[in-house]
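# Summary of structural features
Residues per chain are reported as follows:
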Amino acid sequence: MTPDSRPLAPGDVARLLESAATAIRAELMALSEDVLVWHPAPGEWCVKEVLGHLIESERRGFNGRIRLILAGSEPSFEGWDQVEVARARRDCGKPAAALVADFDALRRDSVGLVAGLGASDLGRGGQHPKVGHLRVSDLLHERNHFRQILANVQAAAWPHMGNARRFTTG
């Protein structure tokens, strides 16, 4: 992306949120339980735990923070211990379909929220204890969690790719 690229409009972001949800749902429902609960390394999350983190991020971070911003004037956000929340959620032991259903409900709400944003909402913001000032427009452009799920699945497949791995290592 070049520095002079334009930000995505709320309608574009809403469509991307929907398409990512469709892809995440399809990916998770297509994976075997072995892959869903596979941990790339000690202390790293399995695919189900990544989805659980995405659920919490949607609720506490993305959707939750946008709602706080819209409801007040320069609110202060609370941080949350992501590792502790993941440990308490115990997503690795939950059925994938239940996690996907929880995520879908939250994501549908987020799509509606984002689609309804006006131009005057985008510059509004609040203070985060770790990263400083966050605007609604900043929150709209975070797309890392979907990549995490795909990277986890690729890591599970990597040892079984044989010489095909050479296509990806240059």
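Just so you know, these numbers come straight off a predicted model, no measurement behind them.

What follows deals with the packing of helix H1 (residues 10-30) against helix H5 (residues 96-115). Running from N to C, H1 and H5 cross one another at 175 degrees; their axes reach a closest spacing of 9 Å. Relative to H5, H1 is oriented roughly antiparallel. Within the contact between the two elements, H1 uses Pro-10, Val-13, Ala-14, Leu-17, Glu-18, Ala-20, Ala-21, Ile-24, Arg-25, Leu-28 and Met-29 and H5 uses Ala-96, Ala-97, Val-100, Phe-103, Asp-104, Arg-107, Ser-110, Val-111, Val-114 and Ala-115. Within the contact of H1 with H5, the residues separate by chemical class into 16 nonpolar, 1 polar and 4 charged.

This part is about the pairing of strand S1 (residues 125-128). Where S1 and strand S2 (residues 132-135) come together, 4 bridges link them in antiparallel fashion. Each bridged residue has a counterpart across the sheet, and for His-128 the counterpart in S2 is Gly-132. Hairpin connection, S1 to S2: the antiparallel pair is bridged by 3 residues.

What follows covers helix H8 (residues 144-157). Given 3.6 residues to a turn, an α-helix orients residues that are three or four positions apart in the same direction. For H8, spanning 14 residues, the distance from its first C-alpha to its last is 20 Å, which sits close to the expected 20 Å at 1.5 Å a residue. Listed in full, the buried residues belonging to H8 are His-145, Ile-149, Asn-152, Val-153 and Ala-156. On an axial view of H8, the arc spanned by its buried residues comes to 95 degrees, and they lie on one face. Next to the buried residues of H8 lie H1, helix H2 (33-36) and helix H3 (47-71).

Core analysis: the largest hydrophobic core is formed by 17 residues, its most contacted members being Ile-24, Leu-28, Val-47, Leu-51 and Phe-103. Elements with a minimum of two residues in this core: H1, H3, H5 and H8. Not counting residues within four places of it along the chain, the set of residues in contact with Val-47 comprises Leu-28, Leu-31, Val-35, Leu-36, Trp-38, Ile-149, Asn-152 and Val-153. Membership of the second largest hydrophobic core comes to 16 residues, among which are Ala-14, Phe-77, Leu-113 and Leu-134.

Calculation criteria
- All residue numbers refer to position in the chain's written sequence, counted from 1.
- Reporting in this predicted model follows two pLDDT cut-offs: at least 70 for local features of residues, and 80 or more for side-chain atom pairs to be given and counted; totals over whole chains, interfaces and linings ignore these cut-offs and use all residues.
- Note: side-chain values were computed over all heavy atoms of the structure, leaving out hydrogens and water.
- Lines fitted to C-alpha atoms define the axes, with helix axes restricted to the stretch in contact, and inter-axis angles between N-to-C directions lie between 0 and 180 degrees.
- Runs of E in the DSSP output that reach at least two residues are strands. Runs of H or I that reach at least four are helices, and both are numbered from the N terminus.
- Any angle that is under 35 degrees is reported as roughly parallel, and any over 145 degrees as roughly antiparallel; angles of 65 to 115 degrees are reported as roughly perpendicular and all others as oblique.
- Any two residues whose heavy atoms approach within 4.5 Å are treated as being in contact.
- Residues were grouped as follows: Ala, Val, Leu, Ile, Met, Phe, Trp, Tyr, Cys and Pro as nonpolar; Asp, Glu, Lys and Arg as charged; and all remaining residues, including Gly, as polar.
- A pair of strands is considered paired only if DSSP assigns at least 2 bridges between the two.
- Multiply 1.5 Å by the residue count of a helix minus one, and that product is the helix's expected span.
- Exposed residues in this analysis have more than 50% of their type's maximum accessible area, buried residues have under 20%, and partly exposed residues fall in between, with area computed by a 1.4 Å probe over protein chains only.
- In this description, the arc belongs to the directions extending from the helix axis to the C-beta atoms.
- In these notes, a set of buried Ala, Val, Leu, Ile, Met, Phe, Trp, Tyr and Cys residues joined through side-chain atoms within 4.5 Å is what counts as a nonpolar core.

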